[in-house]
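Below, each chain spelled out in residue letters.
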Amino acid sequence: MTKVRIGVTYPLPGPALDWLGQRFEVAIRDPEKQTFQQWLEQEGPSLQGLITLLSDPMDAAALAKCPQLKAVANYAVGYNNIDVDAARTNGIQVINTPDVLTETSADFAWALLMAAARRIAEGHQLTRDGQFTGWEPELLLGQDVYGSVLGIIGAGRIGQAVAARARGFSMTVLYHNPTRLSAELEHDLNLQFVELEQLLTQADFLSLHCPLTPETRHLISTDELQKMKPTSILVNTARGPVVDELALVDALRQGVIAGAALDVYEWEPAITAGLQELPNVVLAPHAASASRSTREKMAWMVAEDVAAVLTGKPPQNPVP
Ligand code: DGY
């Protein structure tokens, strides 16, 4: 009897794929040898299960290359790279990795916020370059975090975890969501719901945690940036296209806002022209969930859930 075949578009950390390989026939793409598209062309027709990265475009055309597919598990909490409607139409269960990366990602959003506020990246570069010639009263003056106003767009799991950390900094935390959280949660997290306009005008730090949807694409563009304080800092660990990056570059050049810290990019992995030259931007390579422990747990989640679907059991993390 032919074994059920599962494709994995990139080698994943930890033992989960070995475990999967003991139960199913597993085809792991070698990124040195084949592009995702070449590999999908070759392997797609024989796959019943598929584990993808957030950078693999699983649109209707890509799904059509996998006529036997029963489950596609995205090694990420965000799944904007998958056409969920097309998957549903074709009877394919979409799976993601929520919760496990919440705290790791919230830590990282804070690391970026602090780095931009206190100009850590600039200081690091200056010190490495041998330019630190002694303590100076006006060297790399930044923004205070303690006691300031944090604005969160998208107070879901990660946004809430970011808010929880703000307590230690005695911050006022404002948030905006399409649907308001329960009064209990707002109280527990010390969160105040405000309209977007108010969030933009009052936040010292604006941190984005919403999913990428047609509604949130370019949610932050010229008009929104103009409403922000000239001393404010934008942090994006959500998805690049939530920010209109050309508008952001203009705003940063003209001092409309003081700085930005980005983990994700509109044209990822390409970086919008201008961002790399601006000293007031901290750039990270989409690494918010990148702790070893989290990434290994994410691998277990996708492996176990694909295995579940292919053995007729319900997955733990189905995308509705
Ligand atoms: C996600 O999971 O969506 C992050 O962007 C990467 O872990």
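Everything discussed here concerns the structure shown above.
Residues numbered from 1 in each chain as written. Predicted model: local features only at pLDDT ≥ 70, side-chain atom pairs only at ≥ 80, totals over all residues. Heavy atoms only, no water.

**Considering the overall build of the protein**
Here comes step 1: Scanning the protein for helices and strands turns up twelve helices and twelve strands.
Here comes step 2: For 320 residues, the compact-globule estimate of 2.2 N^0.38 gives 20 Å, and the C-alpha radius of gyration of the protein, at 21 Å, lies within 12% of that figure.
Here comes step 3: Reported as C-alpha extents along the three principal axes, the dimensions of the protein are approximately 75 × 50 × 30 Å.
Here comes step 4: The buried share of the protein, taken over its 320 residues, is 51%. (Helix = DSSP H or I, 4+ residues; strand = E, 2+ residues; numbered from the N terminus. Rg over C-alpha atoms; globule rule 2.2 N^0.38 Å. Buried < 20%, exposed > 50% of the residue type's maximum accessible area, 1.4 Å probe, protein only.)

**Notes on the packing of helix 1 (residues 16-23) against helix 12 (residues 292-310)**
Here comes step 1: Look at helix 1 against helix 12: their axes get within 8 Å of each other, and the N-to-C directions meet at 20 degrees. Comparing their axes, helix 12 and helix 1 come out roughly parallel. The interaxial crossing formed by helix 1 with helix 12 has right-handed handedness. In contact with Ala16, Trp19 and Leu20 of helix 1, helix 12 contributes Ala299, Trp300, Ala303, Glu304 and Ala307.
Here comes step 2: Each residue belonging to the contact of helix 1 with helix 12 can be placed in one class, and the counts come to seven nonpolar, no polar and one charged. (Axes fitted to C-alpha atoms, helices over the stretch in contact; angles between N-to-C directions. Parallel < 35°, antiparallel > 145°, perpendicular 65-115°, else oblique. Left-handed = near helix turned anticlockwise from the far one by under 90°. Contact = heavy atoms within 4.5 Å. Nonpolar A, V, L, I, M, F, W, Y, C, P; charged D, E, K, R; others polar.)

**Some points on the site of the ligand**
Here comes step 1: In the vicinity of the ligand, the contacting residues are Leu54, Ala76, Val77, Gly78, Leu101, Arg239, His286, Ser289 and Met298.
Here comes step 2: Between the ligand and Val77, the relevant distance is 2.7 Å, taken from an oxygen atom to a main-chain nitrogen or oxygen of the residue.
Here comes step 3: Calculation on the ligand without its partners gives an accessible area of 230 Å², and the protein chains cover 91% of this total.
Here comes step 4: Class assignment for the residues of the shell around the ligand results in five nonpolar, three polar and one charged. (Near = heavy atom within 4 Å. Polar contact = N/O pair within 3.5 Å; in protein donor to acceptor, adjacent residues only side chain to side chain. Areas by Shrake-Rupley, 256 points an atom, 1.4 Å probe, with all protein chains shown as cover.)

**Some remarks on the pairing of strand 6 (residues 149-153)**
Regular strands have side chains that alternate between both faces of the sheet.
Here comes step 1: The element strand 6 is extensively covered by neighbouring structure, given that five of its five residues are classed as buried.
Here comes step 2: In the sheet, strand 6 pairs with strand 7 (residues 172-176) via five bridges, with the strands oriented parallel. Bridge pairing in strand 7 places Ile153 opposite His176.
Here comes step 3: Considered for its hand, the β-α-β crossover made up of strand 6, helix 7 (residues 157-166) and strand 7 is right-handed. (Pairing = 2+ DSSP bridges. Right-handed = clockwise from strand over helix to strand, strands pointing away.)

**Things to note about helix 1**
Here comes step 1: Restricting attention to buried positions, one finds in helix 1 the residues Ala16, Leu17 and Leu20. The arc enclosing the buried residues of helix 1, seen along the axis, measures out at 95 degrees, which places them on a common side. Exposed and oriented more than 90 degrees from the buried face of helix 1 are Asp18 and Gln22.
Here comes step 2: Contact partners of the buried residues in helix 1: strand 1 (5-8), strand 2 (25-28), strand 3 (49-52) and helix 12. (Arc of directions from axis to C-beta.)

**Brief notes about the environment of Leu248**
Here comes step 1: Summarising the element assignment, Leu248 is placed in helix 11 (residues 245-253).
Here comes step 2: Looking at Leu248, the relative accessible area reads 0%, which means it is buried.
Here comes step 3: In sequence terms Leu248 and Leu225 are 23 residues apart; their C-alpha atoms lie 7.4 Å from each other.
Here comes step 4: Aside from chain neighbours lying at most four places away, what touches Leu248 is Leu225, Leu234, Val243, Ile257, Ala260, Leu262 and Leu275.

**With respect to the environment of Val84**
Here comes step 1: In this structure, Val84 sits in helix 4 (residues 84-89).
Here comes step 2: By relative accessible area, which is 14% here, Val84 ends up buried.
Here comes step 3: Residues Val84 and Pro320, 236 residues apart in the sequence, show an inter-C-alpha distance of 8.7 Å.
Here comes step 4: Apart from the residues within four sequence positions on either side, Val84 is in contact with Tyr79, Val319 and Pro320.

**Considerations on the sheet that holds strand 5 (residues 93-95)**
Here comes step 1: The five strands are arranged 2-1-3-4-5 in an open sheet whose pairing can be described as parallel. One side of each edge strand has no neighbouring strand; the edge strands of this open sheet are strand 2 and strand 5. Neighbour-to-neighbour, the strand axes of the sheet open up by a mean angle of 15 degrees, direction not taken into account.
Here comes step 2: Bridge count between strand 1 and strand 3: three bridges; the pairing is parallel. Directly across from Val8, in strand 3, lies its bridge partner Ile51.
Here comes step 3: The sheet strands contacting helix 1 are strand 1, strand 2 and strand 3, and the helix crosses strand 2 at an angle near 135 degrees.
Here comes step 4: Running at roughly 160 degrees to strand 3, helix 12 makes contact with strand 1, strand 3, strand 4 (71-74) and strand 5 of the sheet.

**Points about the nonpolar core**
Here comes step 1: Among the nonpolar cores identified, the biggest contains 51 residues, and Leu12, Ile51 and Leu150 are the most heavily contacted of them.
Here comes step 2: Residues lining this core come from more than one domain, with at least three contributed by each of domain 1 (5-100 + 292-310) and domain 2 (102-283).
Here comes step 3: Excluding its chain neighbours within four sequence positions, the residues that come into contact with Ile51 are Gly7, Val8, Thr9, Leu12, Leu17, Leu20, Ala73, Val302, Ala303 and Val306.
Here comes step 4: Counting residues in hydrophobic clusters, the runner-up holds 31 residues, among them Val242, Ala247, Val256 and Ala260. (Core = buried A, V, L, I, M, F, W, Y, C linked by side-chain atoms within 4.5 Å. Domains from an automatic or database assignment.)

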